[in-house]
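Inside the fold
Spelled out, the chains give:
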Amino acid sequence: MNIVQHNFKFVSRTTVVKDCLGIYASEKIRLKDIFAKFGQRVCLATDLWNSLQNISYMCLTAHFIDKGWKLH
């Protein structure tokens, strides 16, 4: 990647995992506060598929509309 972009910095897999878990934890707290404060309801949707290598995947999507009718 350094050939394409000299400022690109590689990070380790553990760094990516740590960063993702940190974002998950902070977003979980933020959403809990929103739902407790406004009594929101959530719509959950799932999608399942298999890769060409026969690996199964599932995607879970959550949507909610706030008091100002903004879709999240």
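Structure: see above.
Residues numbered from 1 in each chain as written. Predicted model: local features only at pLDDT ≥ 70, side-chain atom pairs only at ≥ 80, totals over all residues. Heavy atoms only, no water.

**Here we look at the overall build of the protein**
Across its full length, the protein carries 1 helix and 2 strands. When the helices and strands of the protein are placed in sequence order, the string is α-β-β. With the principal axes as the frame, the protein shows a C-alpha extent of 50 × 35 × 20 Å. Here the protein, with 72 residues, has 4% of them falling under the buried criterion. Of the accessible surface of the protein, which amounts to about 6,900 Å², a share of 62% is contributed by carbon and sulfur atoms. (Helix = DSSP H or I, 4+ residues; strand = E, 2+ residues; numbered from the N terminus. Buried < 20%, exposed > 50% of the residue type's maximum accessible area, 1.4 Å probe, protein only. Areas by Shrake-Rupley, 256 points an atom, 1.4 Å probe, with all protein chains shown as cover.)

**Digging into the layout of surface pockets**
Considered as a void within the structure, the largest pocket measures approximately 210 Å³ in volume. Contributing to the lining of the largest pocket are Leu31, Phe35, Val42, Leu44, Leu60, Thr61, Ala62, Phe64 and His72. When residues of the lining of the largest pocket are assigned to their parent elements, the largest contribution, 3 residues, is made by strand β2 (residues 56-63). Considered class by class, the residues forming the lining of the largest pocket number 7 nonpolar, 2 polar and no charged. (1 Å grid on protein atoms, 1.4 Å probe; cavity = no way out; pocket = protein on both sides within 12 Å on 5 of 7 lines; lining within 4 Å. Points joined across faces, edges and corners; volume = space filled by probe spheres on them. Nonpolar A, V, L, I, M, F, W, Y, C, P; charged D, E, K, R; others polar.)

**Re unusual backbone geometry**
Here Asn54, not a glycine, exhibits a phi torsion of approximately 65°, which is positive. Topologically, Asn54 is positioned in the loop between β1 (43-50) and β2.

**Let's talk about the pairing of β1**
Alignment of β1 against β2, held across 8 bridges, turns out to be antiparallel. Residue pairing in the sheet places Leu48 in a bridge with Met58 of β2. Where β1 hands over to β2, the hairpin turn is made up of 5 residues, of which Asn54 adopts a positive phi near 65°. (Pairing = 2+ DSSP bridges.)

**Considerations on a nonpolar patch on the surface**
Residues Val42, Leu44, Leu48, Met58 and Leu60 make up a contiguous nonpolar surface patch of about 540 Å² in total accessible area. The set of elements that each furnish at least two residues to the nonpolar patch consists of β1 and β2. Inspection of the secondary structure puts Val42 in the loop between α1 (13-38) and β1. On the basis of relative accessible area, Val42 is assigned to the partly exposed category, the value being 39%. (Patch = residues over 30% accessible without salt bridge, like charges linked within 9 Å, V, L, I, M, F, W, Y side chains within 5 Å. Salt bridge = Lys/Arg side-chain N within 4 Å of Asp/Glu carboxyl O.)

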